[in-house]
Protein chains: 4
Amino acid sequence: MLKDIQNQKDWRNIDIDRVGIADIVYPVVVKDRSKGKQHTIATISMGVNLPHNFKGTHMSRFVELIHKHRENISIDSIGEILHEMRDSLNAEESQIRLSFKYFAERKAPVSGQISLMDYGCDFFACLSGSGKDLVITVNVPVLSLCPCSKEISDYGAHNQRSIVKISVRASKLVWIEELIEYAEKSASSPIYALLKREDEKFVTERSYENPTFVEDIVRNITELLNSDNRIEWFEVSSTNMESIHNHNAWAVITKDKRQGMK
Amino acid sequence: MLKDIQNQKDWRNIDIDRVGIADIVYPVVVKDRSKGKQHTIATISMGVNLPHNFKGTHMSRFVELIHKHRENISIDSIGEILHEMRDSLNAEESQIRLSFKYFAERKAPVSGQISLMDYGCDFFACLSGSGKDLVITVNVPVLSLCPCSKEISDYGAHNQRSIVKISVRASKLVWIEELIEYAEKSASSPIYALLKREDEKFVTERSYENPTFVEDIVRNITELLNSDNRIEWFEVSSTNMESIHNHNAWAVITKDKRQGMK
Amino acid sequence: MLKDIQNQKDWRNIDIDRVGIADIVYPVVVKDRSKGKQHTIATISMGVNLPHNFKGTHMSRFVELIHKHRENISIDSIGEILHEMRDSLNAEESQIRLSFKYFAERKAPVSGQISLMDYGCDFFACLSGSGKDLVITVNVPVLSLCPCSKEISDYGAHNQRSIVKISVRASKLVWIEELIEYAEKSASSPIYALLKREDEKFVTERSYENPTFVEDIVRNITELLNSDNRIEWFEVSSTNMESIHNHNAWAVITKDKRQGMK
Amino acid sequence: MLKDIQNQKDWRNIDIDRVGIADIVYPVVVKDRSKGKQHTIATISMGVNLPHNFKGTHMSRFVELIHKHRENISIDSIGEILHEMRDSLNAEESQIRLSFKYFAERKAPVSGQISLMDYGCDFFACLSGSGKDLVITVNVPVLSLCPCSKEISDYGAHNQRSIVKISVRASKLVWIEELIEYAEKSASSPIYALLKREDEKFVTERSYENPTFVEDIVRNITELLNSDNRIEWFEVSSTNMESIHNHNAWAVITKDKRQGMK
């Protein structure tokens, strides 16, 4: 029988916080609010704690767990994966991060034409002595139009694609689609994969009527998340790919509602 | 003495077009039109042909050449590197690609404030039986404002950062700065690292007065390159990071002036 | 009615080679040799030529075509997309590039455990006066073990993950899986997402018994592609992420069999 | 005079944690232990807090500060930048992150040949009511050889490039070079840009004699950082680009020595 080196003793007396696999790419099926399920591809990292007296962990078991659960990734199944990881690796703590594209149908505002928009999402979950922790993140591309540029210029206003990032811890289910809507409502305009000429006119005018600084976007979303009682903690940022610069404008607000106002 | 495996015979009768090193990162000094020289960092790939009867090439010699020439990278020294590569590797053909950031001072249009803009550049050079070939590429971020959006909307117009890419083969020295100017002249406006409020007004209005489709940008640059007699061949593209979409608009024109109009 | 700016005349007398959309991300379904079909996500660029007398193309039509064909992407449907693109944009030439992850089951060599490996693939197709052109590319991660290091060292040999890239033009259907097998056969060993201890022993020993330079890998694949009569043209490269360096070793062979031996 | 929109009142009663610029690329000069100074290129993000009653911050001032200090970036000048940021933006808190390549000469172990290795570095500094905080990070590519693969195989052992990342908070100056040495000592072998055949033999044999799991690497570094009294806090991770997989092995240890053993 082959020797199990990983199971040998280690004498350095040093606990390892997390050890596991990183950046494995796997096809997965996630829940979709409107269609039940959605096929996507996740980049996954998983790890457990390793007590000081063990030399190594058993990396192949992480892959077995991903392979087993790949056709049913949800908040619920992530809880199961965390427990199974802890059991199969003899650990006290377990952790998983899944980053994936989530697609949602968007209807062009005038023509009504349907297309799919891609949103970068991330589930980060841990299981430890203090229970389970889950952070859901969604990245939403939106349009921002600069209020200063509009005000000081005789005509026009610089505008650009911005990436809004919302991370939440919640006491009840929050759909990815709900966070997308919070982001889209808070910018100068949503953006779309498919716009006909009448839609382009609409989006251009709506964004000009509704200028937003990067500061406005994060404050608008903060107001929405503050009044959503399911949300216990959040971090919201916006990165505006400024059309007049080769760098970005950026703002972030973090808030733990469980602790009262920060 | 250690055996030279690379120098052994190979029996498969297959020539290799290029073999060498890829993606080594090295600090280099390049020529700067206004300051004489500029410190930057290059990602470098180098290779030679390998005749069918040799088993392998000697990879360390590429690194020695880069180390030797790192403080003087220019069109001239690249010619020397190509010759030395051929000699030290006993090859008939040699090739090098250096990709680096080039910085140039830009003056804000009203306040006159100075800042530095970064431009992604690329030197791609080959030496073979048919002589030396050199392609210089520069990526220039600019502002594009959509003529259609302006025309059909009661106010405003979507605009965005665009990346113009110009590659040229030339019969005489062409400065990176000259290609940057061709790109900036051909878009709705140049962009800057540093703009004060009066500059922002100027850039906003100038771009609104000067709308350009992605098609216009590549055509405008083509006109400039057509009338520059040093340019023998070019490829010009623009990628517009559309503020109303999560994807880009893109156009490309390639032309070999040595062959007459394409 | 809104004015069609794109349809207006242009007076610069400059044809545009390609104009369209770049880097749209869309969920697609591709053919799978063993399961019939596979859900994946593609990054897509599409374009047409634009004659000199037209000011612009109609970008939304590209997205409509992708949306329409998204659930059936194959060599056949790509041909249809190229024709529909040409028709709906009134162009003579059309082009599409789809880059996507393709997953295939791999069986660990001793334990027989099943897991999925991800392979970066690319379909690049053009339609023009000279007919349809299609290049299929697959990137295959493999293990390479250095013959020189093995020969000169008293024990051990440096080895690393390498990315083999095979692009082909073919007269008949070639499956992605077949190109993957060509790459895996030509390196020191295939690699896997999931290996148990007995598999790790097998892979370690097999790669030590079968050392390959980056030159050997591309030559071995060239032999296989040379003797496959369906292949009309190919380019094969390998990029070895050398464990003893922070840069890569790299080799490439291109061959057009239609023209006889290069 | 142009209206100062940013200076206007905001009524939503929401403080912003950080607002500023992200991902500006600038040439900078940093301190070099052996040569006094080193030219490099930094990707920089800067931000301040924004009290609830102000509508916006003044983005151009961040760029002015970077431009002013670009030729002298050090622990000391970063302190000045933080103070000047706070003053010029009328803020209570300021923050900067600079990510840059740092080059150090490495001598091949047998031939003694000199080449430069690139190390990704990061300075992250904040100024707030609780004082100044600075985290220095360095990424060090090293070689790891798997102890399990060596033990269970009759010959050979899989090995690969690994990226060790060390972040520290320190009470006294710690040189980037010192952290690089901690990482290199803790792996199976350092790696180099330039190795001659005799060096390759040495590195191959040394790594075979000195196998390290990803767990061993982070534990070895932890021992070194534990016994360095200048270090107050650290996080150390290693990401091994496994040659037998298309994913990575990964481990991390975080420790705050100011709080006693975690």
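In this text, all values refer to a predicted model and were calculated from it rather than measured experimentally.

The rules we used
- Each chain carries its own residue numbering, running from 1 in the direction its sequence is written.
- Lettering for chains starts from A, numbering for ligands starts from 1, and both go in the order in which the items are written.
- Residue-level local features of this predicted model are given only where pLDDT is at least 70; pairs of side-chain atoms are given and counted only at 80 or more, and the full residue set underlies all totals for whole chains, interfaces and linings.
- Just so you know, side-chain values use all the structure's heavy atoms and leave hydrogens and water out.
- Secondary structure elements follow DSSP: runs of H or I no shorter than four residues count as helices, runs of E no shorter than two count as strands, and numbering proceeds from the N terminus.
- The buried label goes to any residue with under 20% of its type's maximum accessible area, the exposed label to any with over 50%, and the partly exposed label to all in between, with areas taken from a 1.4 Å probe on protein chains only.
- Residue contacts are defined here by distance: any two heavy atoms, one from each residue, within 4.5 Å place the two residues in contact.
- Throughout, the Shrake-Rupley method with a 1.4 Å probe supplies accessible areas, and for residues the shown protein chains are the sole cover considered.
- His residues and chain termini do not enter the charge count, which takes Lys and Arg as positive and Asp and Glu as negative.
- To locate a charge, the coordinates of NZ of Lys, CZ of Arg, CG of Asp or CD of Glu are taken.
- Interaxial angle, 0 to 180 degrees, is taken between N-to-C directions of lines fitted to C-alpha atoms, where a helix line uses only the stretch in contact.
- Roughly parallel covers angles under 35 degrees, roughly antiparallel covers those over 145, roughly perpendicular covers 65 to 115, and oblique covers all other angles.
- The sense of a crossing depends on the near helix, which, turned anticlockwise from the far helix by less than a right angle, makes the crossing left-handed and, turned clockwise, makes it right-handed.
- Residue type decides the class: Asp, Glu, Lys and Arg count as charged, Ala, Val, Leu, Ile, Met, Phe, Trp, Tyr, Cys and Pro as nonpolar, and the leftover types, Gly among them, as polar.
- Each of two parts loses accessible area, computed with a 1.4 Å probe, when they are put together; buried area is these two losses added.
- By definition, a salt bridge exists where a carboxyl oxygen of Asp or Glu is found within 4 Å of a side-chain nitrogen of Lys or Arg.
- Counted as a polar contact is a pair of N or O atoms within 3.5 Å, where, for protein atoms, one must be capable of donating a hydrogen and the other of accepting one, and residues adjacent in sequence contribute only when both atoms are in side chains.
- For two strands to be treated as a pair, DSSP must find at least two bridges joining them.
- Only residues with pLDDT of at least 70 in both copies contribute their C-alpha atoms to the least-squares superposition of the copies.
- Working definition: rings of Phe, Tyr and Trp (its six-membered ring) pair if their centres are within 6.5 Å, and the pair is stacked with planes under 30 degrees apart, edge-to-face with planes over 60 apart, and tilted otherwise.
- A ring is considered to have a charge above it if a Lys NZ or an Arg CZ atom is located within 6 Å of its centre and within 35 degrees of its normal.
- One fewer than the residue count of a helix, multiplied by 1.5 Å, yields its expected span.

A. A look at the overall build of chain A. What chain A contains, in helices and strands, is six helices and nine strands. With respect to the three principal axes, the spread of C-alpha positions in chain A is 80 × 40 × 35 Å. Expressed as a percentage of the 262 residues in chain A, the buried residues total 64%. The long-range share in chain A, meaning contacts at least 24 apart out of those at least 6 apart in sequence, stands at 62%. When the accessible surface of chain A is totalled, it reaches about 9700 Å², and 47% of it is carbon and sulfur. Within chain A, one finds 34 positive and 37 negative side-chain charges whose respective centroids are separated by 3 Å.

B. Up close: the packing of helix H4 (residues 176–185) of chain C against helix H6 (residues 214–226) of chain C. Residues and elements named next belong to chain C. H6 packs onto H4 with a crossing angle of 140 degrees between their chain directions and a minimal axis gap of 8 Å. Relative to H6, the element H4 is oriented oblique. Considering how the two elements wind past one another, H4 and H6 form a crossing that is right-handed. Residue-level inspection shows Leu179, Tyr182, Ala183 and Lys185 of H4 in contact with H6, the latter providing Ile221, Leu224 and Leu225. Each residue belonging to the contact of H4 with H6 can be placed in one class, and the counts come to six nonpolar, no polar and one charged.

C. A look at the interface of chain D and chain A. Facing the 52 residues of chain D at the interface are 52 residues of chain A. Across the chain D/chain A interface, buried area totals approximately 4200 Å², and carbon plus sulfur atoms make up 57% of it. Among the residues chain D hides against chain A, the three largest losses belong to Arg12, Arg219 and Trp250 of chain D. Together they make up 18% of the total. Inspection of the region where chain D meets chain A yields eight salt bridges. As a salt-bridge pair, Asp10 of chain A and Arg219 of chain D come within 3.7 Å of each other at their nearest N and O atoms. In this assembly, chain D and chain A are joined by 28 residue pairs in polar contact (both at pLDDT 80 or more). At the level of secondary structure, the elements contributing two or more residues to the side of chain D that touches chain A comprise strand E1 (16–32), strand E2 (36–50), helix H3 (147–152), helix H6 (214–226) and strand E9 (248–256) of chain D. No other element matches E1 of chain D, which puts nine residues into the side of chain D that touches chain A. Considering only residue class, the side of chain D that touches chain A consists of 25 nonpolar, 13 polar and 14 charged. The pairing of strand E9 (residues 248–256) of chain A with E1 of chain D spans five bridges and is antiparallel.

D. Representation of the relation of the copies chain D and chain A within the structure. At an RMSD of 0.0 Å, chain D and chain A line up after a rotation of 180 degrees and a shift of 0.0 Å along the axis. These values place the two chain copies in the arrangement generated by a two-fold rotation axis. Of the residues that chain D buries at the interface, 100% are likewise interface residues in chain A, meaning the two copies contact each other through the same surface.

E. Molecular detail of the interface of chain D and chain B. Each partner contributes to the interface: chain D provides 32 residues, whereas chain B provides 32 residues. Across the chain D/chain B interface, buried area totals approximately 2700 Å², and carbon plus sulfur atoms make up 65% of it. In this structure, Lys196 of chain B engages Glu64 of chain D in a salt bridge whose closest nitrogen and oxygen atoms are separated by 3.4 Å. Our enumeration of links across chain D and chain B arrives at 13 residue pairs in polar contact (both at pLDDT 80 or more). For the side of chain D that touches chain B, the secondary structure elements donating two or more residues are E1, E2, helix H1 (60–69), strand E3 (94–107), strand E4 (114–128) and helix H5 (197–209) of chain D. Split by residue class, the side of chain D that touches chain B holds 13 nonpolar, eight polar and eleven charged.

F. Here's a closer look at the side chain of Ser188 of chain D. Residue and element names in this part refer to chain D. Topologically, Ser188 is positioned in the loop between helix H4 (176–186) and strand E7 (189–190). Among the polar contacts made by the side chain of Ser188, one reaches the main-chain amide nitrogen of Leu145 at a distance of 2.9 Å. The residues contacting Ser188, other than those within four sequence positions of it, are Leu143, Ser144, Leu145, Arg206, Ser207, Asn210, Pro211 and Thr212.

G. How the structure looks around the environment of Ile114 of chain D. Assignment of secondary structure puts Ile114 of chain D in strand E4. Taking the C-alpha atoms as reference, Ile114 of chain D lies 9.3 Å from Tyr192 of chain D; in sequence the two are 78 residues apart. The residues contacting Ile114 of chain D, other than those within four sequence positions of it, are His67 of chain B together with Glu105, Arg106, Lys107 and Leu194 of chain D.

H. Structural view of the relation of the copies chain D and chain B. When chain D is fitted to chain B, the residual RMSD is 0.0 Å, and the transformation amounts to a turn of 180 degrees plus an axial shift of 0.0 Å. Looking at the interface residues of chain D, 100% of them are also at the interface in chain B, so both copies use one shared face.

I. Region of interest: the pattern of salt bridges. Counted according to the given criterion, the structure contains 80 salt bridges over all chains. Linking Lys55 of chain A and Asp216 of chain D is a salt bridge whose minimum nitrogen-to-oxygen distance equals 3.1 Å. In this pair, Lys55 of chain A sits in the loop between strand E2 (36–50) and helix H1 (60–69) while Asp216 of chain D sits in helix H6, so the two residues belong to two different chains. Look at Lys55 of chain A and you get buried, because its relative accessible area is 15%. Classification of Asp216 of chain D as buried rests on a relative accessible area of 3%. A salt bridge links Asp256 of chain C to Arg258 of chain C, with the shortest nitrogen-to-oxygen separation between them at 3.0 Å. On the accessibility criterion, Asp256 of chain C (17% relative accessible area) is buried.

J. Highlighting the packing of aromatic side chains. In this structure the tally under the stated criterion is eight aromatic pairs over all chains. Ring centres 5.1 Å apart and planes at 70 degrees place the aromatic pair Phe100 of chain A and Phe123 of chain A in the edge-to-face group. Here Phe123 of chain A lies in strand E4 (residues 114–128) and Phe100 of chain A lies in strand E3 (residues 94–107), a separation of 23 residues in the sequence. Neither residue differs from the other here; Phe100 of chain A and Phe123 of chain A are each classed as buried. Stacked on the ring of Trp233 of chain B, the Lys or Arg Arg169 of chain B has its end atom at 4.6 Å from the ring centre.

K. Structural view of helix H1 (residues 60–69) of chain B. Counting buried positions over the ten residues of H1 of chain B gives seven, a clear majority of the element. Burial in H1 of chain B covers these residues: Ser60, Phe62, Val63, Leu65, Ile66, His67 and His69 of chain B. In this structure, the buried residues of H1 of chain B make contact with strand E1 (16–32), strand E2 (36–50), helix H2 (75–88) and strand E3 (94–107) of chain B together with E4 of chain D.

L. Focus on the environment of Val63 of chain A. Tracing the chain through its elements places Val63 of chain A in helix H1. With 17 residues separating them in the primary sequence, Val63 of chain A and Met46 of chain A have C-alpha atoms 9.1 Å apart.

M. Local environment of helix H5 (residues 197–209) of chain B. Counted at 1.5 Å a residue, the expected span for H5 of chain B with its 13 residues is 18 Å, and the 19 Å between its end C-alpha atoms agrees. Along H5 of chain B, the residues that are buried comprise Arg197, Asp199, Glu200, Val203, Thr204, Glu205, Ser207 and Tyr208 of chain B. Buried residues along H5 of chain B sit against helix H3 (147–152) of chain A together with strand E5 (131–145), helix H3 (147–152) and strand E7 (189–190) of chain B.

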